Structure formats: C-alpha cells, structure tokens
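Architecture at a glance
Take a look at the letters that make up each chain.
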Amino acid sequence: MKKWKKTALIIGAIAVLTGLVIGGIVWSKRGTISVQAGHVTREDLAAIVTASGQIKPPPENYASVNANSFGKIIQLLVKEGEHVKKGQLLLRTEDIQQLANVDAQKAALKTEEADADAMDAAVQSASAALRTAEADLGQAQAKFGQTRDDYARGQQLLKDKLIAQQVFDQRRSDYQVAGSAVQSAEARVNQAKAQYQQAIFNRNMAKARIAQNQAQLVGMVDARDKTIYRSPLDGIVTSLPVHLGENVVPGIQNQPGSVLFQVSDLSVITAEVKVDETDIVNVKLDQPAEITIDAFPNKVFRGHVTEIGQSAVNATTGQTTTTATTTGSSSTEEAKDFKAVVTVDNPPPGLRPGLSTTAKITTATRHNAIAVPIQALTIRTRRELAEGQNGQKGKGQALAATALSDAGPDRERSKEELQGVFAIRNGRAVFLPVETGIMGVTDAELVKGLQPGDEIVTGSYQVLRTLKSNAKVKVQQGPPPGQALFRS
C-alpha cells in the first residue's frame, strides 16, 4: 500500500513538472507570429514593361486606297495576297461619262486653238494694213510739203507779177488738196491702229479661251483618272474587301469613301502596342524588346522601340484624348494607355498586319544589384511604427506616447508613409525603411537600407499586412499551401 502511494506521488510530481515546463514554453512564445523568411541577395535585374497590341507595317510602308468617284467596278485585276509593283493597274470603275467629257473637251480645245490661229492671222493682216496706212501718210506729208513750198513761192512771184493769177490759183489748190490728203492719211492710220489693237485683243481672248479649255480638260482627265486605281507602292495586297460589279462611293465630308484595297510593304514590320500610363514614362527610344506573336507560338523575336506616342489613348475606345475630347466622349476615370512602336529586327516570313502580339520592353538593367522579393516590400505609417516601438514599453507609457504624437505638429508627420522591409533580428521583425531602384519581374533593387545576407520577412501576404515592428516571429520551415516560394 505504501509502495503504491509512493508511485502515485512520483507520477503526480512528474505530471506537475511536465505541465510547468509546457506552460513555460507556451508562456514564452505567446504573441509569436509564424512568417516566411528569405535573405537579401545579389543578382542581375531587368525592369520589364509588358504591353499588348498588333502587328503593323510602318505608316509609310502601307496604304489603304479609297474610292474617288461613284461607279461600278468593271475591272479587278488582283487578288488578296498577291505581290504588286508601284504603279501597277489593280482596279477600274466605270468611266463612260468621264471618257465622253474628256473627248468633248478635247474637241472644244481644238476649236479654240483654230480660232486662235485665225485671230493670229487677223493680227498680222491688221499689222500690215497699219504699215500701209503709215506709208501713205508719209507720202501725203511729203506731197503736202512740196505743195506748201510751191504755194509760198507763188505768193512772192504773184506779188512781183512774175506769174499769172491762174498759175497761182493752181498752186493754192494743190496745197489745199495736199493738206486734205494728209488729214485723210492720218485718219486711215488711226483706223488701222484701232483695227490692229482689236485684232490683238481678239487673239488674246482666243488664247485665254484656250487656257480655260485646257484647265477644264485637266479637270476632266483627273475625273477620268480617278476611275483608274494603281498600286501606290511595291508590296502585297493585304486587304481586298470589294468584288467585281460592286458599286463604290467616294468620301463625303468627314466620312471616308469605300475602301477598295490595301497594299503593304512587309519588308519592315512593327509591333504597335499600348503601354499603361504608369509605365510609359520609363519607355525610351531604342530600348530593346522581346516580341511574341500568337501566330508563332514558342518563338521570341528581338526588336527595339522606334516610336513613342505623346497623346493618351483611351483603353476602351482606342481614341486619343484629343479626339475623345472633341467628340465629347472623354472620361477622366477611364484607364488610358500610350502607343509605343517596336520594330522587329528580323521579321519572319508570313507575318500579316493585325496579328496579336505582346512586347516586353527592357527599360532598365542592373548588374549584381542588391535585391529582395517584391512581396517583402511593405508600407507603414510613422504612427504604426511608433505603436510597435511603444508596445515594448508599459501599456500606460504606450498610450501616453501615442496621445502625445497625435497632438500638435507631429500629427501630420505621424501620417507619413514609409516603404520598408521587416528584417529578422533576434527573433523579432524589425521594420527598416529602404530606398528602392528598379523593379524586376519578381524582385526589387535596394539602393539603401539592407545588405546582402540579411534575413527578412517575405510572407505570407496576410501576415505582412498586419505585422508590427518588433513583433516576435518564428520562421516557418516550409511555405504553407498556396504560398509562393522565395529564395533564401
């Protein structure tokens, strides 16, 4: 009986001792948070901007041809996908009226040219008549001078009674007749001059009518030529939405005309992508890019940025902000993108405009950079950090310190947000502000704040949201289900 009691006492003592040990362990680990941990490392980082879009030739390497006139397609000399040369005839629309107008205008022009030739002959005839009249005038003036001298001498001879009165009268009559002849010749010269000027005017009018008819002929030839459609460049017919016999219409005001065909030079290919407004500031000309095309799976093509849009593009409508504002459809709350053009360095054969593509543009690189997982970065306010520090003090001191920080000029400062990482120091998570550089796909560059080899908290996401500075932590041996693995 005594032996049994002794055994019971020993067992009871062991149980009490075990309970005290377990309780002490539990008491010592109260408030401990399980976390995932990793180490600050050195690695090569690259900042990547990913954007989607479609394959397009450069604007100068493709052209869409629209209808220039009303009419029915009477000739279609090409098929979609065919290679064409610049100036090659591809399509014609009906041109009966246009050809008739050109023929009629050519006939009218020939008539005016014949009239101009006649007017030119009339000018030459009037010029000859004027010269004849001027010669007659000269002859009459000479005759007038001769008779005037005879008349003057006759007056002296009559006074000296050396000639008969009859002879003097004849001389006076000849003088008067010569004067009248001069006046008549002068009148004929003036008339010839007027006729000559009229002939020149008629000839100039004929030439003006020729110029007018020539201008009208140019317009009618242009109207005829607008029924003839040729390839604007060397390339491939990448779109042919019309068929033989279809009626087409030209553009009216702001409405474009019927699209007849599109010719593209695919020797140079670009990927036109839409970059998010938060990333566009990092995209620069000549930055390298990797391009994937849905139609070419498991293949990556190299390229470089050759153009960056300056106007935002509405992510929903595809309109630029300027166009959207003009049409009244803009909304400041909608997401906006910016156009970026990446030229493919060695485009493969078989590419077509409109193929879906994704471009990964390398905007920055760092060699052997200090890096941490992006998920390890978190944000805390100064007030939250102060609460974590004060948590190590007595409760009354913590409340007093928090109340003091909420008063006066420190109130605004307490709301300031700091970016940092929780470093693990002596079993506690200590918040350390850091300065970051470029962001890689999964890691971020640290410019200041930590050194390689430092142990940091990397997860989980739920823990990092609520973790306080100086909290006790325990590193998990393995990540919980569903959590990402980080290098340590």
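In what follows, the accompanying structure is described. Note that the coordinates shown come from a computational prediction; the quantities given were computed from them, not determined experimentally. Counting from 1, residues in each chain are numbered in the order their sequence is written. At least 70 in pLDDT is required for a residue's local features to be given in this predicted model, at least 80 for side-chain atom pairs to be given and counted, and no such filter applies to totals for whole chains, interfaces and linings, which use all residues. Only hydrogens and water are removed before side-chain values are computed, so all heavy atoms of the structure are retained for them.

A few words on the overall build of the protein chain. Looking only at helices and strands, the protein chain features eight helices and 22 strands. Per-residue accessibility, obtained with a 1.4 Å probe over protein chains only, is compared with the maximum for each type, and a residue is labelled buried under 20%, exposed over 50%, and partly exposed between these values. A total of 488 residues make up the protein chain; the buried ones form 33% of that total. Intrachain contacts of the protein chain at a sequence separation of at least 6 include 80% that bridge at least 24 residues. The accessible surface values rely on the Shrake-Rupley method and a 1.4 Å probe; as for residues, cover is taken only from the protein chains in view. Within the structure as shown, the protein chain displays about 29,600 Å² of accessible surface, and the carbon and sulfur contribution to it stands at 53%. Helix and strand definitions follow DSSP, with helices as H or I runs of at least four residues and strands as E runs of at least two, each counted in order from the N terminus. Here a residue-residue contact requires only that any non-hydrogen atoms of the pair lie within 4.5 Å.

What counts as an axis is a line fitted to C-alpha atoms, over the stretch in contact for a helix, and the angles between N-to-C directions run from 0 to 180 degrees. Helix H3 (residues 165–225) packs onto helix H2 (residues 96–159) with a crossing angle of 165° between their chain directions and a minimal axis gap of 5 Å. As summarised for this structure, H2 and H3 are arranged roughly antiparallel, according to the angle between their axes. Taken as a pair, H2 and H3 cross one another with a handedness that is left-handed. The residue makeup of the contact of H2 with H3, split by class, is 35 nonpolar, 15 polar and 20 charged. Roughly parallel here means an angle under 35 degrees, roughly antiparallel means over 145, roughly perpendicular means 65 to 115, and every remaining angle is called oblique. Should the near helix be turned counterclockwise from the far one by less than a right angle, the crossing is left-handed, whereas a clockwise turn marks it as right-handed. Gly falls in the polar group here, along with every residue not listed as nonpolar (Ala, Val, Leu, Ile, Met, Phe, Trp, Tyr, Cys, Pro) or charged (Asp, Glu, Lys, Arg).

A separate point is the pairing of strand S1 (residues 33–39). Here S1 runs beside strand S22 (residues 471–475); their pairing, made up of three bridges, is parallel. Note on S22: the bridge partner recorded for serine 34 is lysine 474. As defined by bridge partners, S1 adjoins strand S21 (residues 455–459) across four bridges and the pair is classed as antiparallel. Across the sheet, residue histidine 39 finds its bridge partner in S21, namely glutamate 455. When DSSP finds two or more bridges between two strands, those strands count as paired.

Turning to the layout of surface pockets, a few remarks are in order. The definitions used throughout rest on a 1 Å grid laid over the protein atoms alone, on which a cavity is an enclosed set of points accommodating a 1.4 Å probe that cannot get out and a pocket is an open set flanked by protein within 12 Å on both sides along at least five of seven lines; lining residues are those having an atom within 4 Å of a point. Grid points are joined across faces, edges and corners, and a volume is the space filled by probe spheres set on the points. In this model, the largest pocket occupies a volume close to 270 Å³. Counting residues per element, the lining of the largest pocket draws most heavily on strand S8 (residues 235–239), at three residues. A class-by-class count of the residues in the lining of the largest pocket yields nine nonpolar, four polar and two charged.

With that settled, consider the packing of aromatic side chains. Between two aromatic rings, the relevant description is the distance of the centres plus the angle of the planes. Note on aromatic contacts: the rings of Phe and Tyr and the six-membered ring of Trp form a pair at centre separations within 6.5 Å, being stacked when their planes are under 30 degrees apart, edge-to-face when over 60 apart, and tilted otherwise. In this structure the tally under the stated criterion is five aromatic pairs. Taking 6.0 Å as the distance between ring centres and 85° as the angle between the ring planes, the aromatic pair formed by phenylalanine 296 and phenylalanine 301 counts as edge-to-face. Judged by relative accessible area, phenylalanine 296 falls into the buried class, the value being 16%. Where phenylalanine 422 meets phenylalanine 431, the ring centres are 5.4 Å apart and the plane angle is 70°; that geometry is what we call edge-to-face. Among the aromatic residues, those joined into a cluster by ring pairs are Phe144, Tyr151, Phe168 and Tyr175.

Let us look at a nonpolar patch on the surface. Each patch is built from residues lacking any salt bridge and having more than 30% relative accessible area; the joining distance is 9 Å for like charges and 5 Å for nonpolar side chains (Val, Leu, Ile, Met, Phe, Trp, Tyr). Counted as salt bridges are all cases of a side-chain nitrogen of Lys or Arg within 4 Å of a carboxyl oxygen of Asp or Glu. A contiguous nonpolar patch, built from Phe70, Val249 and Ile252 and spanning about 300 Å² of accessible area, is present on the exposed surface. Phenylalanine 70 gets classed as exposed once you look at its relative accessible area, which sits at 55%.

Before going further, it helps to spend a moment on the pairing of strand S3 (residues 62–66). Side chains on a regular strand alternate between the two faces of the sheet. Burial along S3 is one-sided: the residues Ala63 and Val65 are buried and none of Tyr62, Ser64 and Asn66 is. Bridge count between S3 and strand S10 (residues 259–264): five bridges; the pairing is antiparallel. Bridging from a neighbouring strand, serine 64 pairs with glutamine 262 of S10.

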